[in-house]
Amino acid sequence: MVHQSTDSWLPAHLITNKKQYTSNLPGLLVWSKASATWLEAYATNSQDPIPNSQVILNLANTLRNADEAFGVYVGAVEEWVRLLGELKDLEDEVGGVLRDREIHECIESFVPLSHYN
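Residues numbered from 1 in each chain as written. Predicted model: local features only at pLDDT ≥ 70, side-chain atom pairs only at ≥ 80, totals over all residues. Heavy atoms only, no water.

**Focus: the overall build of the protein**
No. 1: In terms of helices and strands, the protein carries two helices and zero strands.
No. 2: Residue pairs at least 24 apart in sequence account for 75% of intrachain contacts in the protein once pairs closer than 6 positions are excluded.
No. 3: For the protein, the accessible surface area stands at approximately 9000 Å², while carbon and sulfur atoms represent 63% of it. (Helix = DSSP H or I, 4+ residues; strand = E, 2+ residues; numbered from the N terminus. Contact = heavy atoms within 4.5 Å. Areas by Shrake-Rupley, 256 points an atom, 1.4 Å probe, with all protein chains shown as cover.)

Below, the structure is given as structure tokens:
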């Protein structure tokens with residue numbers, strides 16, 4: 001049986017793209033938190049009637065909750081990238097073992113067993 005090696009470029013490419021993606025997420029999270037803080041400060045210091053200020057404060061609170069959820073998402077994506085890297089390493093290891101087995105089988109088919117005795 002000849003083992004068809006898997007294309008390791010696909011998981012490697014996916015890992016690279018996800019690492020680039022996750023490296024950009026914390027910056028977005030910082031700007032999002034800053035925006036919520038600025039909105040809250042504006043609503044607190046605003047001369048607008050109370051209902052408008054309350055709407056802006058509620059919006060800022062909603063953005064903070066979204067930021068927390070986004071932070072959890074970032075953590076989950078980073079964990080997924082880590083696990084994907086481990087999977088790629090295991091796939092490479094299995095590929096190496098199967099390749100070694102094929103080499104051993106080829107050698108056994110050409111060298112008579114009496115040679116080993």
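**Here we look at the side chain of Lys88**
No. 1: Structurally, the position occupied by Lys88 is in helix α2 (residues 50-110).
No. 2: A distance of 2.8 Å separates a polar atom in the side chain of Lys88 from a polar atom in the side chain of Asp92. (Polar contact = N/O pair within 3.5 Å; in protein donor to acceptor, adjacent residues only side chain to side chain.)

**Topic: helix α1 (residues 9-45)**
Each full turn of the α-helix corresponds to 3.6 residues, which orients residues three or four apart in the same direction.
No. 1: Compared with the 54 Å implied by 1.5 Å per residue over 37 residues, the 55 Å span of α1 between its first and last C-alpha is a close match.
No. 2: Listed in full, the buried residues belonging to α1 are Pro11, Ile15, Thr22, Leu25, Leu29, Ala36 and Ala43. (Expected span 1.5 Å × (residues − 1). Buried < 20%, exposed > 50% of the residue type's maximum accessible area, 1.4 Å probe, protein only.)

**Some thoughts on the pattern of salt bridges**
No. 1: Using the criterion set out here, one finds four salt bridges in the structure.
No. 2: Of the charged contacts, one joins Glu40 and Arg64 as a salt bridge, the two residues approaching to 3.2 Å between their closest N and O atoms. With Glu40 in helix α1 and Arg64 in helix α2, this residue pair connects regions lying 24 residues apart in the sequence.
No. 3: Accessibility expressed as a relative area gives 31% for Glu40, which makes it partly exposed.
No. 4: The class for Arg64 is partly exposed, based on a relative accessible area of 27%.
No. 5: Ionic pairing is found between Arg82 and Glu79, a salt bridge with its closest N-O pair at 2.6 Å. Placement of the pair is Arg82 and Glu79 together in helix α2, with a separation of three residues, close to one helical turn.
No. 6: A relative accessible area of 41% places Arg82 in the partly exposed class.
No. 7: On the basis of relative accessible area, Glu79 is assigned to the partly exposed category, the value being 36%.
No. 8: Taken together, the shared-partner salt bridges connect Glu79, Arg82 and Glu86 into one network. (Salt bridge = Lys/Arg side-chain N within 4 Å of Asp/Glu carboxyl O.)

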